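# Observations on the model geometry
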Amino acid sequence: MNIKFKSNFTILVAGGTGGHIYPAIAILDEIKKTNKVIFITDKRGYGFLKDKKELLNRSNFEILTLDGVSPFKKGFVNKFKFLYFFLRSFIKLIFFYYNYKPNSQIGFGGYTTILPCLIGKLVFKIEYFIHEQNAIMGRANKILEPYASKVFIPFDKIIPVKYINKRIFSGTPIREEIKSIKIKKRNINKLNILVFGGSLGSEFFSVSLVNSFINLEPKVKNKLQIFHQVINSKIKKVKQLYKINNVISEVKSFFPNIEKYYKNTDLIICRAGGSTIAELLHLKIPCIIIPLKNSMDNHQEVNSKIIIKNKLGWVINENDFKSNTFIKIIEDIITKNLYLEKIKFNLEQYKNKNDIEKKHKSSNEIIKNVLFKKIIKIDKNDNQYT
């Protein structure tokens, strides 16, 4: 382990999915110019970070990767792998914290965060904070919350309702490349639709949604431009289907620079991951949400309730998906532009309300201020800061 600095630095820890990594990167962007940072993640997380080449060359930034598999996977082989990697990571981290002295650390969810936070706190007395992206707290954060100094939450209330005095309504941090986006004004003669189903894609999004799009009326299809993420095995077939049915499209297995697509999008069809919801709300883009039906603790369905409650888009349960209903939504959007305008108005109202509750501070700023002790006071009655 060859880290250039041994003290006075901050640790960011995140599991390897985009939902955990992206909020951590947002905070990294906020603090990297003035603070030394070590980012602890797994091999999947490293895949997200290695694309940020400007970071890898900085003298005040290092990455520490841990091997591991989820402790929640079933089967003897997975349990054995977890135990093996757990012991390896435990020894690696003991040596790390013995030799290197961070000022503080913050975890962003995922099983990878458990060991660093607990070893740092319980063995070496290094305080940690955690951020939760979902309306139902993830399993790793449930383990970490009792020992955390403060807990940042995405909405004003999340489940379970515990440790209220620790919780701060911060919202979810937004990456710099997303914050800087200026959404282009819609051409009423065209509807640009961005479809994505998470970093690994989705069988449902690659089949059922495609079949619905190609069965639209020709006059509606002529007004569509679809940017569609599908799983690798379906790319060729989806491209052929769109071409045969005269649908203008761009089909990929992953959109690495999704900000480029956000900029030109009128409607997004996606899952209900916490970070995705946060980006849509920040950008005020109308959406059709289809929650992942087997998400951990059903958190995506609970996340999507904010869309229903505030009339910020449509939510369709995957098990109840009917092509005719979906087709009617798309056709109504094309023929009744008022629908999108009304949703955009609701999104503006929702953002204004949230800004007031957060004292017009960004999520990034709130977390940075608490992390570096720049906060003056936490109001324990309503989990706000002043």
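Residues numbered from 1 in each chain as written. Predicted model: local features only at pLDDT ≥ 70, side-chain atom pairs only at ≥ 80, totals over all residues. Heavy atoms only, no water.

Okay, the pairing of strand β5 (residues 128-131) next. Every second residue of β5 is oriented toward a common face, with Y128 and I130 on one face and F129 and H131 on the other, all of them buried. Looking at chain direction, strand β4 (residues 104-107) and β5 are connected through 3 bridges and run parallel. Within β5, the position partnered with I106 by the bridge is F129. In terms of handedness, the path from β4 via helix α5 (residues 114-123) over to β5 forms a crossover that is right-handed. Alignment of β5 against strand β6 (residues 151-153), held across 2 bridges, turns out to be parallel. In the sheet register, I130 faces β6, and the bridge partner there is V151. With helix α6 (residues 139-144) bridging β5 and the parallel β6, this β-α-β connection has right-handed handedness. (Buried < 20%, exposed > 50% of the residue type's maximum accessible area, 1.4 Å probe, protein only. Helix = DSSP H or I, 4+ residues; strand = E, 2+ residues; numbered from the N terminus. Pairing = 2+ DSSP bridges. Right-handed = clockwise from strand over helix to strand, strands pointing away.)

As enumerated under the stated definition, the model contains 1 cavity of 30 Å³ or more in all. Looking at the largest cavity, its volume works out to about 40 Å³. Along its surface, the largest cavity is lined by Y22, P23, T172, P173, I174, R175, S275, A278 and E279. Contributions of two or more residues to the lining of the largest cavity are made by α1 (18-31) and α12 (274-283). Ranked by the residues each element gives to the lining of the largest cavity, the list is headed by α12, at 3 residues. A class-by-class count of the residues in the lining of the largest cavity yields 5 nonpolar, 2 polar and 2 charged. (1 Å grid on protein atoms, 1.4 Å probe; cavity = no way out; pocket = protein on both sides within 12 Å on 5 of 7 lines; lining within 4 Å. Points joined across faces, edges and corners; volume = space filled by probe spheres on them. Nonpolar A, V, L, I, M, F, W, Y, C, P; charged D, E, K, R; others polar.)

Glancing now at the nonpolar core. Grouped together as the largest cluster of nonpolar side chains are 77 residues, with contacts concentrated most on L209, F213, Y262, I269, I288 and I330. With residues near it in sequence (within four places) discarded, I269 still touches I193, L194, V195, F196, F205, L209, F213, I288, I290 and F326. Within the second largest apolar cluster, 23 residues are counted, among which are A14, A24, L28 and F48. (Core = buried A, V, L, I, M, F, W, Y, C linked by side-chain atoms within 4.5 Å. Contact = heavy atoms within 4.5 Å.)

For helix α8 (residues 203-214), built from 12 residues, the straight-helix expectation of 16 Å at 1.5 Å per residue is met to within 8% by its first-to-last C-alpha distance of 17 Å. For α8, the secondary structure elements touched by its buried residues are β8 (191-196), α9 (218-221), β9 (224-229), α10 (235-244), β11 (267-270) and α14 (323-335). (Expected span 1.5 Å × (residues − 1).)

At a minimum axis separation of 10 Å, α1 and helix α16 (residues 363-371) run at an interaxial angle of 70°. Classified by the angle their axes make, α1 and α16 are roughly perpendicular. Like other packed secondary-structure pairs, α1 and α16 cross with a definite hand, here right-handed. Residues A26, I27, E30 and I31 of α1 pack against N364, I367 and K368 of α16. Its residues assigned to classes, the contact of α1 with α16 shows 4 nonpolar, 1 polar and 2 charged. (Axes fitted to C-alpha atoms, helices over the stretch in contact; angles between N-to-C directions. Parallel < 35°, antiparallel > 145°, perpendicular 65-115°, else oblique. Left-handed = near helix turned anticlockwise from the far one by under 90°.)

In this structure the tally under the stated criterion is 14 aromatic pairs. Look at F227 and Y261: their rings are 5.5 Å apart centre to centre, the planes differ by 65°, and that puts the pair in the edge-to-face class. Of this pair, F227 sits in strand β9 while Y261 sits in helix α11 (residues 258-263), placing them 34 residues apart in sequence. With a relative accessible area of 5%, Y261 lands in the buried category. When the ring of F255 is compared with that of Y261, the centres are 4.5 Å apart and the planes differ by 55°; the resulting orientation is tilted. In this structure, F255 and Y261 share a single accessibility class: buried. Taken together, the ring pairs connect F204, F205, F213, F321 and F326 into an aromatic cluster. (Phe/Tyr/Trp six-rings, centres within 6.5 Å; stacked < 30°, edge-to-face > 60°.)

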